[in-house]
Amino acid sequence: MVLYTTPFPNSCLSALHAVSWALIFPCYWLADRLLASFIPTTFEKRQRADDPCYLQLLCTVLFTPVYLALLVASLPFAFLGFLLWSPLQSARRPYIYSRLEDKGPTGGAALLSEWKGTGPGKSFCFATANLCLLPDSLARLNNVFNTQARAKEIGQRIRNGASRPQIKIYIDSPTNTSISAASFSSLVSPQGSDGVPRAVPGSIKRTASVEYKGEGGHHPSDEAANGLASGDPADGGNLEDACIVRFGGDEGGRPPEAVDPPNGGQARNGAGGGPRGQTPNHSQRDGDSGSLGSPSASRESLVKGRAGADGGSGEPGSNSKLPYKASVVKRAAARRRRHPDEAFDHEVSAFFPANLDFLCLQEVFDKRAAAKLKDQLHGYFEYILYDVGVYGCHGCCSFKCLNSGLFFASRYPIMDVAYHCYPNGRFSDSLASKGALYLKVQVGSTPQDQRIVGYISCTHLHALAEDSDIRCEQLNMLQDWLADFRKSTSSSSAANPEELVAFDVICGDFNFDNCSSDDKLEQQHSLFTRYKDPCRLGPGEEKPWAIGTLLDQDGLYDEEVCTPDNLQKVLESEEGRREYLAFPTSKSPGGGQKGRKELLKGNGRRIDYMLHGEEGLCPDWKAEVEEFSFITQLSGLTDHLPVAMRLMVSAGDDEA
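Our subject in this report is the structure included herewith. (Residues numbered from 1 in each chain as written. Predicted model: local features only at pLDDT ≥ 70, side-chain atom pairs only at ≥ 80, totals over all residues. Heavy atoms only, no water.)

When helices and strands are counted, the chain shows 13 helices and 20 strands. Counting over 656 residues, the chain shows a buried share of 58%. In the chain, the proportion of contacts linking residues at least 24 apart, taken out of those at least 6 apart, comes to 77%. As displayed, the chain offers around 25,700 Å² of accessible surface, 55% of which is attributable to carbon and sulfur atoms. (Helix = DSSP H or I, 4+ residues; strand = E, 2+ residues; numbered from the N terminus. Buried < 20%, exposed > 50% of the residue type's maximum accessible area, 1.4 Å probe, protein only. Contact = heavy atoms within 4.5 Å. Areas by Shrake-Rupley, 256 points an atom, 1.4 Å probe, with all protein chains shown as cover.)

What follows is the structure, encoded as structure tokens:
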């Protein structure tokens, strides 16, 4: 299949579209700024309360008449531009494909040679997040602002989190009973100046913080700040993927053991750009491990890298600083699970998973923000799809002002793509071309030259809470379209298979949870019988460790949750979850969420899902969840928690 790298089939249409948008944009920008000035966020309200002579308020009063005059003057040009823009949308393609070729050892072509479908198996990591990258005036309705700066900061945080080495810390301690931990893979590997991982020197207590220096006095964070990450070894799923450090429960201190990667850990530069910007949505503070400028780690850090004495620029983007935290994680074998399907690690993490392979995003509606996000993520992901959806009256029943908001990034080559728009949206949801994005990716090849592929579906369902029937219809369409996509893109037959399917994953913002009494219809949908939800026991019943992914918008800028570390610590406690997660309204009568904590039960509304299927996979293989995490790295930048899942694909007779 030919993937579309431009929105229009020829340069003439592209030029006409550019002219039409140039006529529309001034009016669009002025209207957005004018509306945004009258929708303050809680962050801005607090600034006004602290400073009676608040500069922003003065600017609003002075510039509102100017904005109004310019808006009126731009209306005739916008009308002409709209008359030209609208018919062009019938020829517009439903997405833009971008590839920044990486010929290094972690590029897409190199990754395909790592796994041949044999050996102990291969792990693949998926993440999904709702970013709320709307035009600024609409984003403020969700209590976030400055969409363009947020897009850049989000891209940098995801890239920095994913490009870390994958390292696990296990503690042999009968007194460690914590359910969750900082991050399974957030520790920078101690390296010398030659880039070879070193064993951890000295003794480390269970709660100690230690600085590492490599040979010649270099800190490992000097390399890590540039986005360096160890490459996956060929077997992909074995414990030798990364440095494994084990600690005894004795505080007396024996030197921990370290298992070095057999290939020396080939590095990748994931920086992909110049200095980082500071988003207004997030004030830099100590302990903010989500940004590069953080000088400290969390309370559960065992190891942290500090800036070297070489004198950095002091900007968040300078490569002189990058903290990494090690998590205090119980040995998996020592965890007693109540249910057999819980035999995997789960956590609240301050970082995106290391070696993230696939990223599915929702609500990337703003085109300029999507371009900024793409530029940042190309420092780590080679293949990206953005500006997904349709505009105008083309493709769906009603007029569409916004695209679908879907965005996909991958380290592996994309083979086929399909997009479908849901035709049954109502009211405000009908103005966006919400739908489903289907992708087929190649993740390897067998010695017999059979392609090893995987299917990923990304969607964003109808948002209005009372429209359960519409969401159920959309789930039906999601499954039907996926079946058609798999049938149309498959080049295999039972007698002569040319492709082997390794995984089938569905993810996205479903806009319903598994705890609300109002969502019972969706909770019982047949999708959950065909696909496994790692966080779910059954309809209306969550696993005890699963937490909500929708944050209470009023508390986004509270000091307790304004950094990834702080938000992580808050969500590890039941009281913190009650305070800062959104809960079902039907079970929580009353006005605001705060002050009625005694009425809140459960762990919040989990509306962002990550599902995996077992039907249609290669008969000799099985895909099992290895890790599941709720991520706080985007604190202060969106009102959702990203979630991530690592799948281990292996032969059925191999040990899990």
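The next subject is the nonpolar core. In this structure, Phe126, Phe358, Phe408, Ile414 and Phe503 are the most contacted members of the largest nonpolar core, which totals 92 residues. Top element by residues in this core is strand S14 (residues 499-509). It accounts for seven residues. In contact with Ile414, other than residues within four places in its own chain, are Leu3, Tyr97, Tyr383, Leu385, Phe408, Leu439, Lys440 and Val441. Listed in part, the 29 residues of the second largest apolar core include Ala129, Leu359, Ile631 and Leu634. (Core = buried A, V, L, I, M, F, W, Y, C linked by side-chain atoms within 4.5 Å.)

Moving on, we get to the sheet that holds strand S8 (residues 358-364). With mixed pairing, the eight strands of this open sheet are ordered in space as S1-S9-S10-S8-S2-S20-S19-S7. At either margin of the open sheet sits one strand with a lone partner, and together these are strand S1 (96-99) and strand S7 (345-349). Within the sheet, the average angular offset between the axes of one strand and its neighbour, ignoring direction, is 15°. When strand S9 (residues 383-386) meets strand S10 (residues 407-410), the two strands line up antiparallel, connected through three bridges. Looking across to S10, one finds that Ile384 is bridged to Ala409. (Pairing = 2+ DSSP bridges. Axes fitted to C-alpha atoms, helices over the stretch in contact; angles between N-to-C directions.)

Another aspect to go through is a nonpolar patch on the surface. A cluster of nonpolar side chains, contributed by Leu58, Leu62, Phe63, Val66 and Leu70, occupies part of the molecular surface with about 460 Å² of accessible area. If you trace the backbone, Phe63 turns up in helix H3 (residues 55-88). (Patch = residues over 30% accessible without salt bridge, like charges linked within 9 Å, V, L, I, M, F, W, Y side chains within 5 Å. Salt bridge = Lys/Arg side-chain N within 4 Å of Asp/Glu carboxyl O.)

On to helix H1 (residues 11-36). End to end, H1 covers 35 Å across 26 residues, agreeing with the expected 38 Å (1.5 Å per residue, within 8%). Along H1, the largest kink reaches about 35° and is centred on Ile24; proline Pro26 follows within four residues of it. By the burial criterion, the buried members of H1 are Leu13, His17, Ser20, Ile24, Cys27, Leu30, Asp32, Leu34 and Ala36. The N-cap of H1, judged by a side-chain oxygen 3.2 Å from the amide nitrogen of Cys12 a few residues on, is Asn10. (Expected span 1.5 Å × (residues − 1). Bend = angle between axes of the 7 residues up to and from the residue. Polar contact = N/O pair within 3.5 Å; in protein donor to acceptor, adjacent residues only side chain to side chain.)

Let us look at the pattern of salt bridges. Pairs may arise between side chains of opposite charge once their charged atoms sit close together. Overall, the coordinates contain 25 salt bridges when judged by the stated rule. One salt bridge connects Asp558 with Arg46, and the closest N-O pair in it is separated by 2.5 Å. Of this pair, Asp558 sits in the loop between strand S17 (541-542) and helix H12 (564-571) while Arg46 sits in helix H2 (residues 42-50), and the two are 512 residues apart along the sequence. The class of Arg46 is partly exposed, set by a relative accessible area of 33%. Its salt-bridge partner being Glu574, residue Arg578 comes within 2.9 Å of it at the nearest N-O pair. A residue pair is termed a helical-turn pair when its members lie 3 or 4 positions apart in one helix, as Arg578 and Glu574 do in helix H13 (residues 574-580) at four residues. When its relative accessible area of 45% is taken as the criterion, Glu574 is described as partly exposed. Taken together, the shared-partner salt bridges connect Arg33, Glu44, Asp136 and Arg140 into one network.

Reading across from one edge, S11-S12-S13-S14-S18-S15 is the order of the six strands in this open sheet, with mixed pairing throughout. Among the strands making up the open sheet, the edge pair consists of strand S11 (414-421) and strand S15 (531-532). In terms of strand pairing, strand S12 (residues 435-445) meets strand S13 (residues 451-460) through nine bridges, oriented antiparallel. Note that in S13 the partner of Lys440 across the bridge is Tyr455.

Once that is clear, we can look at the pairing of S8. The buried fraction of S8 is high, at seven of seven residues. Taken together, the six bridges between strand S2 (residues 122-133) and S8 define a ladder with parallel strand orientation. Bridging from a neighbouring strand, Ala129 pairs with Leu361 of S8. The pairing of S8 with S10 spans four bridges and is antiparallel. Along S10, the bridge assignment pairs Phe358 with Ser410.

Glancing now at the packing of aromatic side chains. On inspection of all chains with the given rule, the structure shows 35 aromatic pairs. Among the aromatic residues, ring-to-ring pairing joins Trp115, Phe124, Phe126, Phe358, Phe408, Tyr412, Phe503 and Trp621 into one connected group. Positioned above the aromatic ring of Tyr391 is the side chain of Lys367, whose terminal nitrogen or guanidinium carbon lies 4.8 Å from the ring centre. A cation over an aromatic ring shows up here: Arg536 above the ring of Phe528, its NZ or CZ 4.3 Å from the ring centre. (Phe/Tyr/Trp six-rings, centres within 6.5 Å; stacked < 30°, edge-to-face > 60°. Lys NZ or Arg CZ within 6 Å of the ring centre and 35° of its normal.)

Time to look at the packing of helix H6 (residues 147-162) against helix H8 (residues 367-377). Relative orientation and spacing of two packed helices are given, respectively, by the angle between their axes and the distance between those axes. Where H6 meets H8, the closest approach of the two axes is 8 Å, and the angle between their N-to-C directions is 20°. Our classification of the angle between H6 and H8 gives roughly parallel. The crossing of H6 and H8 is right-handed. For the pair formed by H6 and H8, the contact residues are Thr147, Gln148, Ala151, Lys152, Ile154, Gly155, Gln156, Ile158 and Arg159 on the first element and Arg368, Ala369, Lys372, Leu373, Gln376 and Leu377 on the second. The class makeup of the residues in the contact of H6 with H8 is six nonpolar, five polar and four charged. (Parallel < 35°, antiparallel > 145°, perpendicular 65-115°, else oblique. Left-handed = near helix turned anticlockwise from the far one by under 90°. Nonpolar A, V, L, I, M, F, W, Y, C, P; charged D, E, K, R; others polar.)

Here the focus is the side chain of Ser20. Relative to the helices and strands, Ser20 resides in helix H1. Among the polar contacts listed, one links the side chain of Ser20 to the backbone oxygen of His17, at a separation of 2.8 Å. Beyond its immediate chain neighbours, meaning those up to four positions away, Ser20 contacts Gly81, Leu84, Trp85 and Leu88.

Attention now moves to unusual backbone geometry. Positive phi values are uncommon outside glycine, yet Cys132 reaches one of about 55°. Residue placement: Cys132 occurs in strand S2. Judged by relative accessible area, Cys132 falls into the buried class, the value being 0%. One non-glycine residue, Asn355, lies in the positive phi region at around 55°. For Asn355, the location among the structural elements is in the loop between S7 and S8.

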